[in-house]
Amino acid sequence: MGTQTATLVSGALTSLGVTALVTAPQVVYQTLRWAGAAYLLWKATCMIHDTFRGRPTDAATISRTT
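The structure presented is a predicted model; accordingly, all values stated were derived computationally and were not measured.

Draft legend 1. Focus on the overall build of the protein. The number of helices and strands found in the protein is three helices and zero strands. Considering the protein as a whole, with its 66 residues, one finds that 2% of them fall into the buried category. Accessible surface, the protein: about 5,700 Å² in total, of which carbon and sulfur atoms supply 69%.

Draft legend 2. View of a nonpolar patch on the surface. A contiguous nonpolar surface patch, about 280 Å² in accessible area, is contributed by Val9, Leu13 and Leu16. Within the fold, Leu16 resides in helix H1 (residues 2-16). On the accessibility criterion, Leu16 (66% relative accessible area) is exposed.

Draft legend 3. Region of the structure containing the confidence of the model for the protein. When pLDDT is averaged along the protein, the result is 76, and 71% of the positions lie at 70 or above. Within the protein, helix H3 (residues 58-65) has the poorest average pLDDT of any element, 54, and helix H2 (residues 26-53) the best, 87.

Draft legend 4. Spotlight on the packing of aromatic side chains. Applying the stated rule across the entire model yields one aromatic pair. On the basis of an interplanar angle of 40 degrees and a centroid distance of 6.1 Å, the ring pair of Tyr39 and Trp42 is categorised as tilted. Note that Tyr39 and Trp42 are positioned in helix H2 at a spacing of three residues, about one turn of the helix. Since its relative accessible area comes to 46%, Tyr39 is described here as partly exposed.

Conventions and cut-offs
Residues numbered from 1 in each chain as written. Predicted model: local features only at pLDDT ≥ 70, side-chain atom pairs only at ≥ 80, totals over all residues. Heavy atoms only, no water. Helix = DSSP H or I, 4+ residues; strand = E, 2+ residues; numbered from the N terminus. Buried < 20%, exposed > 50% of the residue type's maximum accessible area, 1.4 Å probe, protein only. Areas by Shrake-Rupley, 256 points an atom, 1.4 Å probe, with all protein chains shown as cover. Patch = residues over 30% accessible without salt bridge, like charges linked within 9 Å, V, L, I, M, F, W, Y side chains within 5 Å. Salt bridge = Lys/Arg side-chain N within 4 Å of Asp/Glu carboxyl O. pLDDT = per-residue confidence, 0-100. Phe/Tyr/Trp six-rings, centres within 6.5 Å; stacked < 30°, edge-to-face > 60°.

Dropping the structure here:
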């Protein structure tokens, strides 16, 4: 499932031209990397916050239904 999702996302980004950013100048590439890292930290913070507040996260909801 993960490989299929990665392939789908890669294809979608390619069709949108986002993959051109990877071959862009170093400043653009570094900005994209830092934005991705910031997004992952934000998601992790939200998941930890929800855990302590007693709200289920996406992962908890999925594991309970399967």
